[in-house]
Amino acid sequence: MAASSPPSSSSMTRRRSAVAVVPALLLVMALAAASGADAQPSPGYYPSSRYRTIPFNRAYANKWGPQHQTLSGDHSSLTIWLDKTCGSGFKSKHAYRNGYFSTRIKLPAGYTAGTNTAFYLSNNEAHPGFHDEIDMEFLGTIPGEPYTLQTNVYVRGSGDGRIVGREMRFHLWFDPTAGYHTYAILWNPDAITFFVDDVPVRRYERRAELTFPDRPMWVYGSIWDASDWATDDGRHRADYSYQPFVAHLDRFVIAGCSVAAPPACRPVPASPAGAGLTAQQYAAMRWAQQAHMVYYYCNDFRRDHSLTPEC
């Protein structure tokens, strides 16, 4: 058998180049995988684009702190802020028995510990001491640490000792102070779904009458001082040397059945199927909870779960 010819210098160069490329390629693939793991998945369904926005003054009115509230000339956007004198809040003009409620929010930046920017449903004024509430609360932070989005559901409770919170908290996968993002609550007779940029981050289903809010509620938004608990359970309080704490809101959407709506008014669907979420929406929700959830009340062994039988 004839001896094989030694490799040429050009082929050896190509082999060395190929060997050198492999680690670099693996690094690129690893970085891409890491980046993709934190990339927001498509939910496949976008309720925020299905409903027309409403001028603020048509749907809402100031509730408190009017001197800390500025409405744009076309009534499409609102600025609210907190300083050492007070914060500000607004309330819908009508009560609703179900619906999709959303707005875009750009949160205050910098040192915001102790502050609470909220978008929520409540009937506290109609049922003081025994009210229902569905919350999306943005808990301020210190520089270098993320905001916390707290979602919560209260059922026939208040600050009188009967309150039972059902908190699920997230660290968002983007900087909520760098731009506007859409936050929404869909409250239907069968479930409450919380959305962030159309990704369903939480779905709270109706399992029993006493664990689900079913009395009419109003829609609220506010910014206020929650120093006693908002940031690390009150460890970091509001520091008014950083005031004012300014939140910007726009693209207000209310779609659903008001108390005055006829019985034929149908709830807003959570998905193209109408009931429940699609497989793609559930996959997006699993991603949000597995990658970004930082607290879930059902997993808190310190809680008395006899008060939360759904756990």
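What you see is a predicted model; the values in this text were computed from it and never measured.

Colleague: Looking at this model, I keep getting lost on the sheet that holds strand β5 (residues 96-106). Mind explaining?
Modeller: Within a sheet, each strand pairs with its neighbour through backbone hydrogen bonds, oriented either parallel or antiparallel. Taken together, seven strands build an open sheet; the order of strands is β2-β3-β14-β5-β10-β11-β12 and the sheet is antiparallel. Of all the strands in the sheet, the pair left with one neighbour each is β2 (69-71) and β12 (199-205). The sheet shows a mean angle of 20 degrees between the axes of neighbouring strands, direction not considered. By the bridge criterion, five bridges tie strand β10 (residues 181-187) to strand β11 (residues 191-196) in an arrangement that is antiparallel. Residue pairing in the sheet places Ala-184 in a bridge with Phe-195 of β11. Those strands touched by helix α3 (residues 279-292) are β11 and β12, and its axis lies near 95 degrees from that of β12.

Colleague: Is there a simple way to think about the pattern of salt bridges in this case?
Modeller: A side chain with one charge can pair with a side chain of the opposite charge if their charged atoms come near. Applying the stated criterion across every chain yields a total of 13 salt bridges. For the salt bridge of Glu-205 with Arg-207, the shortest nitrogen-to-oxygen distance reads 3.9 Å. Residue Glu-205 is classed as partly exposed on the basis of its relative accessible area of 33%. Residues participating in the shared-partner salt-bridge network are Asp-190, Arg-203, Glu-205 and Arg-207.

Colleague: I tried to follow α3 on my own but got confused; where do I start?
Modeller: For α3, which comprises 14 residues, the first-to-last C-alpha distance of 20 Å matches the rise-based estimate of 20 Å (1.5 Å per residue) to within 8%. When we look at burial in α3, the residues that qualify are Gln-281, Ala-284, Met-285, Trp-287, Ala-288 and His-292. Angularly, the buried residues of α3 cover 155 degrees about the axis, an arc narrow enough to put them on a single face. α3 presents Ala-279 and Gln-290 as exposed residues on the side facing more than 90 degrees away from its buried surface.

Colleague: What am I meant to see in the UniProt feature "active site" (unreviewed entry) in the chain here?
Modeller: Following the UniProt record, the feature "active site" (unreviewed entry) maps to Glu-133 and Glu-137 here. On the secondary structure map, Glu-133 appears in strand β7 (residues 131-139). We classify Glu-133 as buried; its relative accessible area is 13%. Among residues more than four places away in sequence, those in contact with Glu-133 are Tyr-120, Leu-121, Ser-122, Asn-152, Val-153, Tyr-154 and Met-217. Within polar-contact distance, the side chain of Glu-133 engages the side chain of His-131 at 2.9 Å. Mapped onto the elements, Glu-137 comes out in strand β7. Residue Glu-137 is classed as buried on the basis of its relative accessible area of 8%. Discounting residues that sit within four places of it in the chain, Glu-137 has contacts with Asn-116, Thr-117, Ala-118, Thr-148, Leu-149, Gln-150, Trp-224 and Trp-229. Polar contacts involving the side chain of Glu-137 include one to the side chain of Asn-116, which spans 3.1 Å.

Colleague: Hey, could you run me through the packing of aromatic side chains in this one?
Modeller: For any two aromatic rings, the description comes down to two numbers: the centre-to-centre distance and the angle of the planes. In total, this model carries 18 aromatic pairs according to the counting rule given. Ring centres of Tyr-240 and Phe-245 lie 6.0 Å apart, and the angle between their planes is 65 degrees; this geometry places the pair in the edge-to-face category. Its relative accessible area of 2% is what places Phe-245 among the buried residues. A network of ring pairs unites the aromatic residues Phe-56, Tyr-60, Phe-90 and Phe-252 as a single cluster. Here the basic side chain of Lys-91 rests over the ring of Trp-218, its NZ or CZ set 4.8 Å away from the ring centre. Above the plane of the ring of Tyr-295 lies Arg-169, whose end atom (NZ or CZ) is 4.3 Å from the centre.

Colleague: What exactly am I supposed to notice about the sheet that holds strand β1 (residues 60-64) here?
Modeller: With respect to topology, eight strands assemble into an open sheet ordered β1-β4-β13-β6-β7-β8-β9-β15, the strand pairing being antiparallel. Strands at the two margins of the open sheet, each flanked by one partner only, are β1 and β15 (293-296). Between one strand axis and the next, the sheet turns through 20 degrees on average, direction left out of account. Strand direction decides the pairing type here: strand β6 (residues 115-122) and strand β13 (residues 218-225), joined by eight bridges, are antiparallel. Paired with Ser-122 across the two strands is Trp-218, which belongs to β13.

Colleague: What am I meant to see in the side chain of Asn-188 here?
Modeller: Mapped onto the elements of the fold, Asn-188 is located in the loop between β10 and β11. In terms of polar contacts, Asn-188 uses its side chain to reach the backbone carbonyl oxygen of Val-268, at 2.7 Å. Residue contacts for Asn-188: discarding those within four places in its chain leaves Asn-98, Phe-212, Pro-267 and Val-268.

Colleague: Could you clarify how one ought to interpret the state of the cysteines in this entry?
Modeller: Such a bond, covalent and formed between the sulfur atoms of two cysteines, is termed a disulfide. Under the criterion given, the structure shown has two disulfides. With cysteine numbering restricted to those in disulfides and following the sequence, the chain has the pairing 1-2, 3-4.

Parameters at a glance
- Residues numbered from 1 in each chain as written.
- Predicted model: local features only at pLDDT ≥ 70, side-chain atom pairs only at ≥ 80, totals over all residues.
- Heavy atoms only, no water.
- Pairing = 2+ DSSP bridges.
- Helix = DSSP H or I, 4+ residues; strand = E, 2+ residues; numbered from the N terminus.
- Axes fitted to C-alpha atoms, helices over the stretch in contact; angles between N-to-C directions.
- Contact = heavy atoms within 4.5 Å.
- Salt bridge = Lys/Arg side-chain N within 4 Å of Asp/Glu carboxyl O.
- Buried < 20%, exposed > 50% of the residue type's maximum accessible area, 1.4 Å probe, protein only.
- Expected span 1.5 Å × (residues − 1).
- Arc of directions from axis to C-beta.
- UniProt positions renumbered as here; feature names shortened; annotations may be inferred.
- Polar contact = N/O pair within 3.5 Å; in protein donor to acceptor, adjacent residues only side chain to side chain.
- Phe/Tyr/Trp six-rings, centres within 6.5 Å; stacked < 30°, edge-to-face > 60°.
- Lys NZ or Arg CZ within 6 Å of the ring centre and 35° of its normal.
- Disulfide = S-S within 2.5 Å.

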